[in-house]
Amino acid sequence: MIKIAVMGYGTIGSGVVQVIETNQDSICKKIGEGIEVKYVLDLRDFGDDPIQSKVVHDYQTIAADPEVAIVVESMGGVEPAYTFVKAMLLAGKSVTTSNKALVAARGAELVAVAKEKNVNFMFEASVGGGIPIIRALNSCLTADRIEEISGIVNGTTNYIMTKMAEEGCDFDEVLKEAQDKGYAEKDPTADIEGHDAGRKIAILTSLIAGQQVDFEDVHTEGISKITATDILYAKKMGRVIKLLATSREVGDTYTVMVAPFLLPKEHPLYTVNGVFNAVFVRGNMLGDAMFYGSGAGSLPTASAVVADVVELAKHIGRHIELEWRPEKLPIADYRQQSTRFFVRTGADKAAVENVFGSVEYIDVPEAAGEIGFLTTEMKEAEYEEKAGKLGSVIQMIRFH
Ligand code: HSE
C-alpha cells in the first residue's frame, strides 16, 4: 500500500483526494498496488467532514513518518511551501506540486535535492493545469531540439480576450463579468498583467534549455490596455488577439516574452477559446505539435497531480534524470527579435511613411481620427526607435 500526504486542502488538494477516491481502482491497477491518503496538512479543521480524521497541522508529522512515500504540495506561494517540500525530499519522500510560484523560483534546487536523496520532484500541474506538457517535454520530446514554445497558458486572460472578440466589449466590462462569475480573481493583477504566464513560460523554457530561466527576466506585457477598437482592427485583418507566452531559440539561448499577439487563422492557437489553455511546440525533428485542454480548475489540475503520484509510485527508489541546472541562463534580448507590428497612431499618413517607409494601412471606419497600419518585418529595437520618432502611438500589437 502506497501512503501519501496532501499539503494544502484547498481547491487542488481537495481535488486530489476526490480524484483518488473516484478512480481508486484504475489508479491502483496502474501503480500495481493500493494507494491511501494518510495525512492532510492544513491550518484549518474541517468539522464533520470525513477528511478531518486525516488532518494534521504540523508538517513535521508527515516528514517524520516513514510510511509516507509521496507528498502532494498544493498550498501555493513560495513560503512555507519551499520549506515543507524541501523537508519532505530530505526525509526521502518524493514530491509533486501544482505550485508554479514555487517551481519557477526554486525548481532547479528542488530537482537537485531530489537527485541527492534518490527520490523525485515532479510538477506537471504547475503549467497548463491538466494538460500533460511537462511530461511531454521531459519524456516524449527528448529526441528534439525545441525551437519554439508558444502557449496560451492563462485561462483568465484567454476568457477575457475571447469574450472581447465575441461580443466587442471593452476590457473593464469583461473583467468585471469574469470576476462576478468567479473566473477572475478579485485582485486580477497577476493574470491580466501576464505575471502568471511569465512564471509558466520561465518553467517551460528552463526545461527545454536544461537550466534556470528567471521569470523576472521575461519581458512581460499584459492585456489591460487592449480595447474594443483593437478587436475591430484584428477582425479586419482576419486575426485574433491572444495573450501568448513565447520562447524562441536564438543560438544557444532563447528570447522569452509574454505579450498580446495577433494570430492568423492558420495558427493552431487561433481557435483556443475561453478558459482553455494550449501549448504549441516546434521541434527540429518533430515539426509542430500542440497540447490542448483545461489549464485550471480543481479536478483537471488534480488529475495532473495524481498522474504525477502514479509516476512517483512507479519509481520509488529510483531517481528519474531531469536536466535543470541552477545556473541562470542569460536569455536573449527580445529587442533583437523580428516581427511585423500593428500600430494605431494619431499622426498623419505623411508622418507614418516618413518614419516607417512602406506600410499597409488597415481601415476601420469606427476608429475616427486615427490611423491603423502594419509595418514591414523589423527588429523590436528598430520599431521602438521609429515609434519614438513618430510619437502619438495609441497602440502596438505584434504579429505572430
Ligand atoms: N490564474 C490561472 C489562470 C490559474 O487563469 O490560468 C491556473 O494557473
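What comes next concerns the included structure.

Criteria and thresholds
- Residues numbered from 1 in each chain as written.
- Predicted model: local features only at pLDDT ≥ 70, side-chain atom pairs only at ≥ 80, totals over all residues.
- Heavy atoms only, no water.
- Near = heavy atom within 4 Å.
- Polar contact = N/O pair within 3.5 Å; in protein donor to acceptor, adjacent residues only side chain to side chain.
- Areas by Shrake-Rupley, 256 points an atom, 1.4 Å probe, with all protein chains shown as cover.
- 1 Å grid on protein atoms, 1.4 Å probe; cavity = no way out; pocket = protein on both sides within 12 Å on 5 of 7 lines; lining within 4 Å.
- Sits in = over half its atoms within 2 Å of the grid points.
- Helix = DSSP H or I, 4+ residues; strand = E, 2+ residues; numbered from the N terminus.
- Nonpolar A, V, L, I, M, F, W, Y, C, P; charged D, E, K, R; others polar.
- Points joined across faces, edges and corners; volume = space filled by probe spheres on them.
- Pairing = 2+ DSSP bridges.
- Contact = heavy atoms within 4.5 Å.
- Axes fitted to C-alpha atoms, helices over the stretch in contact; angles between N-to-C directions.
- Salt bridge = Lys/Arg side-chain N within 4 Å of Asp/Glu carboxyl O.
- Buried < 20%, exposed > 50% of the residue type's maximum accessible area, 1.4 Å probe, protein only.
- Phe/Tyr/Trp six-rings, centres within 6.5 Å; stacked < 30°, edge-to-face > 60°.
- Lys NZ or Arg CZ within 6 Å of the ring centre and 35° of its normal.
- Arc of directions from axis to C-beta.

Some words on the site of the ligand
Thinking step 1. Around the ligand, the structure places Lys100, Asn154, Gly155, Thr156, Asp191, Asp196, Lys200, Gly295 and Ala296.
Thinking step 2. Contacts to the ligand include glycine 155, whose backbone N or O atom sits 2.7 Å from an oxygen atom.
Thinking step 3. At 2.6 Å, a side-chain N or O of threonine 156 approaches an oxygen atom of the ligand.
Thinking step 4. Considered on its own, the ligand offers 260 Å² of accessible surface; in the complex 78% of this is hidden by protein.
Thinking step 5. Among the detected pockets, the ligand sits in the largest pocket.
Thinking step 6. Looking at the shell around the ligand, the elements with two or more residues in it are α7 (155-167) and α10 (195-209).
Thinking step 7. Classifying every residue of the shell around the ligand by side-chain character gives one nonpolar, four polar and four charged.

Structural notes on the layout of surface pockets
Thinking step 1. For the largest pocket, the calculated volume is near 990 Å³.
Thinking step 2. In terms of lining residues, the largest pocket is bounded by 35 residues, among which Lys100, Glu185, Asp196, Ala296 and Gly297 are the most central.
Thinking step 3. The set of elements that each furnish at least two residues to the lining of the largest pocket consists of α1 (11-22), α5 (100-116), α7, α9 (189-192) and α10.
Thinking step 4. Per-class residue counts for the lining of the largest pocket are 12 nonpolar, 17 polar and six charged.

A look at the sheet that holds strand β2 (residues 35-41)
Thinking step 1. Pairing is parallel in the open sheet, where six strands are placed in the order β3-β2-β1-β4-β5-β6. This sheet does not close on itself; its edge strands, each paired only once, are β3 (55-56) and β6 (121-122).
Thinking step 2. Relative to the sheet, helix α12 (residues 298-314) contacts β1 (2-7), β2, β4 (68-73), β5 (94-97) and β6, its axis offset from that of β5 by approximately 165°.

Some remarks on the pairing of strand β13 (residues 287-294)
Thinking step 1. Here strand β12 (residues 276-283) pairs with β13 via eight bridges, running antiparallel. Bridged to phenylalanine 280 within β13 is methionine 290.
Thinking step 2. The turn linking β12 back onto β13 is made up of three residues.

Brief notes about the pattern of salt bridges
Where charged atoms from two side chains of opposite charge approach closely, those side chains can pair.
Thinking step 1. Per the counting criterion, the structure on display carries 33 salt bridges.
Thinking step 2. Here aspartate 42 makes a salt bridge to arginine 44, at a shortest N to O gap of 2.8 Å.
Thinking step 3. When its relative accessible area of 11% is taken as the criterion, aspartate 42 is described as buried.
Thinking step 4. Judged by its relative accessible area of 43%, arginine 44 falls in the partly exposed class.

Quick word on the packing of aromatic side chains
Thinking step 1. According to the stated counting rule, one finds 10 aromatic pairs in the structure shown.
Thinking step 2. Ring geometry for phenylalanine 341 against tyrosine 383: centres 4.5 Å apart, planes inclined by 15°, an arrangement best described as stacked. On the criterion of sequence distance, the pair formed by phenylalanine 341 in strand β16 (residues 341-345) and tyrosine 383 in helix α14 (residues 380-390) is long-range, its members being 42 residues apart.
Thinking step 3. Classification of tyrosine 383 by relative accessible area gives buried; the value is 5%.
Thinking step 4. Three or more aromatic residues link up through ring pairs in this structure, and these residues are Phe341, Phe356, Phe373 and Tyr383.
Thinking step 5. When the ring centre of tyrosine 361 is taken as reference, the NZ or CZ atom of lysine 349 above it lies at 4.4 Å.

Here we look at α14
Thinking step 1. Listed as buried for α14 are Glu380, Tyr383, Lys386, Ala387 and Leu390. The arc that holds the buried residues of α14, viewed along the axis, is 125°, so those residues lie on one side. For α14, the exposed residues set more than 90 degrees away from the buried face come down to Gly388 and Lys389.
Thinking step 2. Here the buried face of α14 lies against β11 (253-264), β16, α13 (349-356), β18 (371-374), β19 (378-379) and β20 (393-399).
Thinking step 3. Glycine 391 sits one or two positions beyond α14 and adopts a positive phi of about 70°.

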